[in-house]
Amino acid sequence: QVQLVESGGGLVQAGGSLRLSCAASGRIFSINTMGWYRQAPGKQRELVATITSGGSTNYTDSVKGRFTISRDNAKNTVYLQMNSLKPEDTGVYYCHAQVFYGIPPRWLNEWGQGTQVTVSS
């Protein structure tokens with residue numbers, strides 16, 4: 001069993017910053033792409049940012065220049081530094097990872113439980 005545990009969400013004023021963390025644990029052999037997605041009330045879940053095991057990153061246009069995704073492969077952890085937050089960034093943020101694990105090992109998509117980010121105007 002693999003678990004993704006997120007932390008770092010909360011309430012912040014517009015213009016403020018938050019840092020999200022997501023740590024993967026379990027009988028993991030390898031992790032490929034890790035990323036963050038978010039879901040605002042009444043809307044579909046959308047991609048925020050992804051990072052490969054080699055460090056290549058991808059961002060949705062609305063967060064470019066404000067958010068930075070990074071990871072620590074030794075700790076199986078991904079981070080999302082969010083600066084200059086806007087009310088439209090409000091939502092539940094979910095961690096995602098492509099994990100190679102199990103007996104026999106196989107690739108699976110795993111999700112965290114989500115952490116709430118609220119940006120007040």
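Report on the accompanying structure. Note that the structure is predicted; figures quoted are calculated from it, not measured.

## Notes on the overall build of the protein
- In terms of regular secondary structure, the protein is built from 0 helices and 11 strands.
- Order of helices (α) and strands (β) in the protein, N terminus to C terminus: β-β-β-β-β-β-β-β-β-β-β.
- The C-alpha atoms of the protein give a radius of gyration of 14 Å, which matches the 14 Å a tight globule of 121 residues would have.
- Along the longest, intermediate and shortest principal axes, the C-alpha atoms of the protein span 50 × 25 × 20 Å.
- By the burial criterion, 42% of the 121 residues in the protein qualify as buried.
- Of the contacts formed within the protein by residues at least 6 apart in sequence, a portion of 56% connects residues at least 24 apart.

## A look at the sheet that holds strand E8 (residues 77-82)
- With antiparallel pairing, the 4 strands of this open sheet are ordered in space as E1-E3-E8-E7. The sheet is open, and its two borders are formed by strand E1 (2-7) and strand E7 (67-72), each paired with just one other strand. Shown here is a sheet whose adjacent strand axes are inclined to one another by a mean of 15°, direction ignored.

## Some points on the state of the cysteines
- Tallied over the full model, the rule gives 1 disulfide.
- With its sulfur 2.1 Å from that of its partner, Cys 22 forms a disulfide with Cys 95. The disulfide joining Cys 22 to Cys 95 has a torsion of about -80° about its S-S bond and is therefore left-handed. Note that Cys 22 is positioned in strand E3 (residues 18-26) and Cys 95 in strand E9 (residues 91-101), a separation of 73 residues in sequence. Grouping residues by exposure puts Cys 22 and Cys 95 together as buried.

## Here's the deal with the side chain of Arg 71
- Residue placement: Arg 71 occurs in strand E7.
- No salt bridge is formed by the buried Arg 71, whose closest oppositely charged neighbour, Asp 72, lies at an N-O distance of 8.2 Å.
- At 3.2 Å, the side chain of Arg 71 forms a polar contact with the backbone oxygen of Thr 52.
- Among the polar contacts listed, one links the side chain of Arg 71 to the side chain of Asn 73, at a separation of 2.6 Å.

## What about the pairing of strand E4 (residues 28-39)?
- Of the strand pairs in this sheet, E4 and E9 are connected by 9 bridges, and their pairing is antiparallel. Bridge pairing in E9 places Tyr 37 opposite Tyr 94.
- Pairing geometry for E4 and strand E5 (residues 46-51), over 5 bridges, is antiparallel. Note that in E5 the partner of Tyr 37 across the bridge is Leu 47.
- Adjacent in sequence and paired antiparallel, E4 and E5 are bridged by 6 residues, among which Gly 42 carries a positive phi angle near 80°.

Cut-off values and rules
Residues numbered from 1 in each chain as written. Predicted model: local features only at pLDDT ≥ 70, side-chain atom pairs only at ≥ 80, totals over all residues. Heavy atoms only, no water. Helix = DSSP H or I, 4+ residues; strand = E, 2+ residues; numbered from the N terminus. Rg over C-alpha atoms; globule rule 2.2 N^0.38 Å. Buried < 20%, exposed > 50% of the residue type's maximum accessible area, 1.4 Å probe, protein only. Contact = heavy atoms within 4.5 Å. Pairing = 2+ DSSP bridges. Axes fitted to C-alpha atoms, helices over the stretch in contact; angles between N-to-C directions. Disulfide = S-S within 2.5 Å. Lys, Arg positive; Asp, Glu negative; His and termini not counted. Salt bridge = Lys/Arg side-chain N within 4 Å of Asp/Glu carboxyl O. Polar contact = N/O pair within 3.5 Å; in protein donor to acceptor, adjacent residues only side chain to side chain.

The values reported here are purely geometric and, on their own, carry no functional implication.
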